[in-house]
Protein chains: 2
Amino acid sequence: MEYSALSELLRVTADLKIISLAGGLPAPESFPLKIIKKLNDLVLKKYKGASFQYGPTDGAMVLREEIAQWLVKRNMKVVAENIGVTSGSQGALDTIGKIFIDEGDIIAVESPTYIGAIDAFAPYNPKYVEIQTDEDGVIPESLDQILKTKKIKFVYLIPTFQNPSGKTIPWERRKQIAKIIKKYNALLIEDDPYNSLRYRGKPVDPIQTLIPNNTVYLCTFSKVLAPGLRIGFYSAPKDIANLMMAAKQSVDLHTNSYGQYLAAEYLKTGDLKKHLPKILKIYKSRLETMLTSLDKYFPNNFSWTKPEGGMFVWVTGPKNFDAVKLYWKAIKNNVAYVPGTYFFATPGVGKNTMRLNFTNVSEIQIEAAIKKLSEVIKSL
Amino acid sequence: MEYSALSELLRVTADLKIISLAGGLPAPESFPLKIIKKLNDLVLKKYKGASFQYGPTDGAMVLREEIAQWLVKRNMKVVAENIGVTSGSQGALDTIGKIFIDEGDIIAVESPTYIGAIDAFAPYNPKYVEIQTDEDGVIPESLDQILKTKKIKFVYLIPTFQNPSGKTIPWERRKQIAKIIKKYNALLIEDDPYNSLRYRGKPVDPIQTLIPNNTVYLCTFSKVLAPGLRIGFYSAPKDIANLMMAAKQSVDLHTNSYGQYLAAEYLKTGDLKKHLPKILKIYKSRLETMLTSLDKYFPNNFSWTKPEGGMFVWVTGPKNFDAVKLYWKAIKNNVAYVPGTYFFATPGVGKNTMRLNFTNVSEIQIEAAIKKLSEVIKSL
């Protein structure tokens, strides 16, 4: 319901006059089109008909092996056999909903959390409990309290450059969270789509590295290659990986083969490693422009996160600020964003918050949009 | 459950020594690899980043428009706005299950029917009623009786070159079926993946042409371009199309963009029209070899369908013949097929039947496999 309301809200952003900070899209100029052209030929030559034939539900083995090597560099404990390829991360979330959630089951999520996950789980009618967060993301004591007092089907977290908040849970806190998950023998769904998009600071290992037997780890090629290929993946304990594969079979048989072979060669050739710095360069500068513009234009009683990576900045206004009300005025002034309230599992919470995307807009557009937004806020 | 049992059964067919008549795979030599190479370059040049960006859930408009024109040539009443692109036909079946089926709902299916549909609907726990069939497929009186006496959520049919039977419902009978569907204002799911694979005889228009407001029509590029692209599509009455789109959004956001643009150009350039005769030539000869070999080698008390197209021949043995029992003996002799019993919604039915695929095996292999199979049958 909330998701449909949001879709309706965002429909107006298709207007080309509008500068949209609302989406979650990578910049098309970040796509490695020349590399793709080269890999197109390579895939056809190397894999021939196989790259267009039906394939195994859990994915092409060459891709699963390449992903395993990639994840090992994140210090993760993975083997190709326990990795499955999905139609985007959304495909993995859909599968998780299908195998785990019975009506009324309780899922613990960050406050705020990713609305696409809520949407994927919705057909199975779960309930939610929100884990309290501060500037470092999930507060471990809040998670402990929830797992102690409630029967939780799984804990869903985006620990790195979270969507929508941009926050990253620091290493020390990850260790505490892992300890708590383990203590209650709970299941963690660690959604990590933005891992590679770090513009400053040091990488923080996924929580999966600490509790691999309690974690289903999700990631994607959408942010480092191209989202239109719809190539996501998971690494899960063997029994869960088997269940996910069985569930996925009835949904789409398997993820498109051609995209899988392209992604495999993108890793195998070293092209990802070569191309990633170009993506980071584009986004780093856009993030800096957004933070500088917020400093320059926004009223003093507003605050915002200063992410070290990812795609989003999260803005919090004073208590009486209404970001949904502001939305329509902003649209009239040709600027769009997502009102933050849509990212909370509890309806009505976070009315004074906004999610701003900085990846799919130029520096000039970002400064103009933030300036205009601050004027609209001040006019309220 | 049945589907898992079948997957287990078919696992052995991966052995390269085995001639498999079990699968439902197109021949990789039928894929237009040269055309794809050309279209790869064209898509990159023409659509650039858009062909790798996130896209609309209901599909790229250029593809939906091309599909509409294609279907109009089948005398169908369609408009691009009511066409949606799915991740294979399986994606459409998954979506149909999600929006229509509540636990215990009754679905009417052909006897036998497509097991992948049963698998897609399984998570929503429907019940099935089997429509009786003869050599021309669905018997209209049986359908009428079912719709008269039971509350049916929808009728699922594969009227053309049916999987598994290879049967095609003749035009006169389609008119009767359409009249019955309309009389009870029922909903028909017309699954038509093999429509283009006609090797002889005259095309028969889809039932959708008679009752467009009561039909969700499914088709795919898997048999005329390549299945690994996972591009299927549906045409549905507007209200149903909207529901299907909303349900699909949470499953995979959208079908892979690149495959969609490739499929659009495959139609737009006329390449499908040019390439299709090459596919038909390969399969026609294989079907003829299979029918000739069955005539030559199989015992007199066996009968089989003589399809005018599609991918399968359906064999019926004498009443006491057990095709599951034969399966393991056939495997020992390096021949595989699918025991027909797995295609019936009622467990235990059709034990004396077999589905034989002829598209992904050479003429020499087909004759050798049928000869060997007949020897194993005679040795029982």
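Just above, that's the structure.
Keep in mind the model is a prediction, meaning the values are calculated, not measured.

## As for the overall build of chain A
Looking only at helices and strands, one finds 12 helices and 15 strands in chain A. Against the 2.2 N^0.38 benchmark of 21 Å for 380 residues, chain A shows a C-alpha radius of gyration of 21 Å, consistent with a compact globule. On the principal axes, the C-alpha backbone points of chain A span a range of 60 × 55 × 35 Å. Scored against the burial criterion, the 380 residues of chain A give a buried share of 63%. Counting only contacts in chain A whose residues sit at least 6 apart along the sequence, the fraction spanning at least 24 positions is 75%. Summed over all atoms, the accessible surface of chain A reaches about 14,800 Å², with 54% contributed by carbon and sulfur. Within chain A, the 37 negative side-chain charges are centred at a point lying 4 Å from the centre of the 50 positive side-chain charges.

## Details of helix α4 (residues 88–100) of chain B
All names here are of chain B. Look at α4: 19 Å from first C-alpha to last across 13 residues, which is about the 18 Å you get at 1.5 Å a residue. Among the 13 residues that make up α4, 12 are buried, leaving the element largely enclosed by the rest of the structure. Within the span of α4, buried status applies to G88, S89, Q90, G91, A92, L93, D94, T95, I96, G97, K98 and F100.

## Looking at the interface of chain A and chain B
Opposite the 43 residues of chain A that make contact, chain B presents 43 residues. Note that D41(A) and K37(B) form a salt bridge whose closest N and O atoms lie 3.4 Å from each other. The tally of links from chain A across to chain B stands at 20 residue pairs in polar contact (both at pLDDT 80 or more). With 6 residues, the top contributor of residues to the side of chain A that touches chain B is helix α2 (residues 33–47) of chain A. Partitioning the side of chain A that touches chain B into residue classes produces 19 nonpolar, 15 polar and 9 charged.

## A look at the sheet that holds strand β11 (residues 303–304) of chain A
All names here are of chain A. The strand order across the open sheet built from 4 strands is β11-β12-β15-β14, with neighbouring strands paired in antiparallel fashion. At either margin of the open sheet sits one strand with a lone partner, and together these are β11 and β14 (338–339). In the sheet, strand β12 (residues 312–316) pairs with strand β15 (residues 353–357) via 5 bridges, with the strands oriented antiparallel. Each bridged residue has a counterpart across the sheet, and for T316 the counterpart in β15 is T353.

## Section: the packing of aromatic side chains
In total, this model carries 37 aromatic pairs over all chains according to the counting rule given. With a centroid separation of 5.5 Å and an interplanar angle of 85°, the aromatic rings of F298(A) and F302(A) are classed as edge-to-face. Both residues of the pair, F298(A) and F302(A), belong to the buried class. Considering the side-chain rings of Y47(B) and Y261(B), the 4.4 Å spacing of their centres and the 40° angle between planes classify their relative orientation as tilted. Here the residue Y47(B) occupies a position in helix α2 (residues 33–47), and Y261(B) occupies one in helix α9 (residues 257–268), the gap between them amounting to 214 residues. We classify Y47(B) as buried; its relative accessible area is 15%. Here the aromatic residues F52(A), Y258(A), F52(B) and Y258(B) are joined through ring pairs into a cluster of three or more. The ring of W70(A) carries the charged tip of R74(A) above its face, separated from the ring centre by 4.9 Å.

## Some remarks on unusual backbone geometry
Of the consecutive residues S111(A) and P112(A), the connecting peptide bond is found in the cis state with omega at 0°. One can find P112(A) in the loop between β3 (106–110) and α5 (115–121). With a phi close to 65°, N75(B) is a non-glycine residue in the positive phi region. Tracing the backbone shows N75(B) in the loop between α3 (61–72) and β2 (83–87). Here N185(B), not a glycine, exhibits a phi torsion of approximately 45°, which is positive. Turning to its location among the elements, N185(B) is positioned in the loop between α7 (171–183) and β8 (188–191). Judged by its relative accessible area of 61%, N185(B) falls in the exposed class.

## Concerning the pattern of salt bridges
A full pass over the atoms with the stated rule returns 37 salt bridges over all chains. We note a salt bridge from D144(A) to K183(A), for which the minimum N-O separation is 2.8 Å. Separated by 39 residues along the polypeptide, D144(A) in helix α6 (residues 140–149) and K183(A) in helix α7 (residues 171–183) bring together distant segments of the chain. As a salt-bridge pair, D271(B) and K274(B) come within 3.5 Å of each other at their nearest N and O atoms. Of this pair, D271(B) and K274(B) both sit in helix α10 (residues 271–297), 3 residues apart, which is roughly one turn of that helix.

The rules behind the values
- Residues numbered from 1 in each chain as written.
- Chains lettered and ligands numbered in written order.
- Predicted model: local features only at pLDDT ≥ 70, side-chain atom pairs only at ≥ 80, totals over all residues.
- Heavy atoms only, no water.
- Helix = DSSP H or I, 4+ residues; strand = E, 2+ residues; numbered from the N terminus.
- Rg over C-alpha atoms; globule rule 2.2 N^0.38 Å.
- Buried < 20%, exposed > 50% of the residue type's maximum accessible area, 1.4 Å probe, protein only.
- Contact = heavy atoms within 4.5 Å.
- Areas by Shrake-Rupley, 256 points an atom, 1.4 Å probe, with all protein chains shown as cover.
- Lys, Arg positive; Asp, Glu negative; His and termini not counted.
- Charge placed at Lys NZ, Arg CZ, Asp CG, Glu CD.
- Expected span 1.5 Å × (residues − 1).
- Salt bridge = Lys/Arg side-chain N within 4 Å of Asp/Glu carboxyl O.
- Polar contact = N/O pair within 3.5 Å; in protein donor to acceptor, adjacent residues only side chain to side chain.
- Nonpolar A, V, L, I, M, F, W, Y, C, P; charged D, E, K, R; others polar.
- Pairing = 2+ DSSP bridges.
- Phe/Tyr/Trp six-rings, centres within 6.5 Å; stacked < 30°, edge-to-face > 60°.
- Lys NZ or Arg CZ within 6 Å of the ring centre and 35° of its normal.

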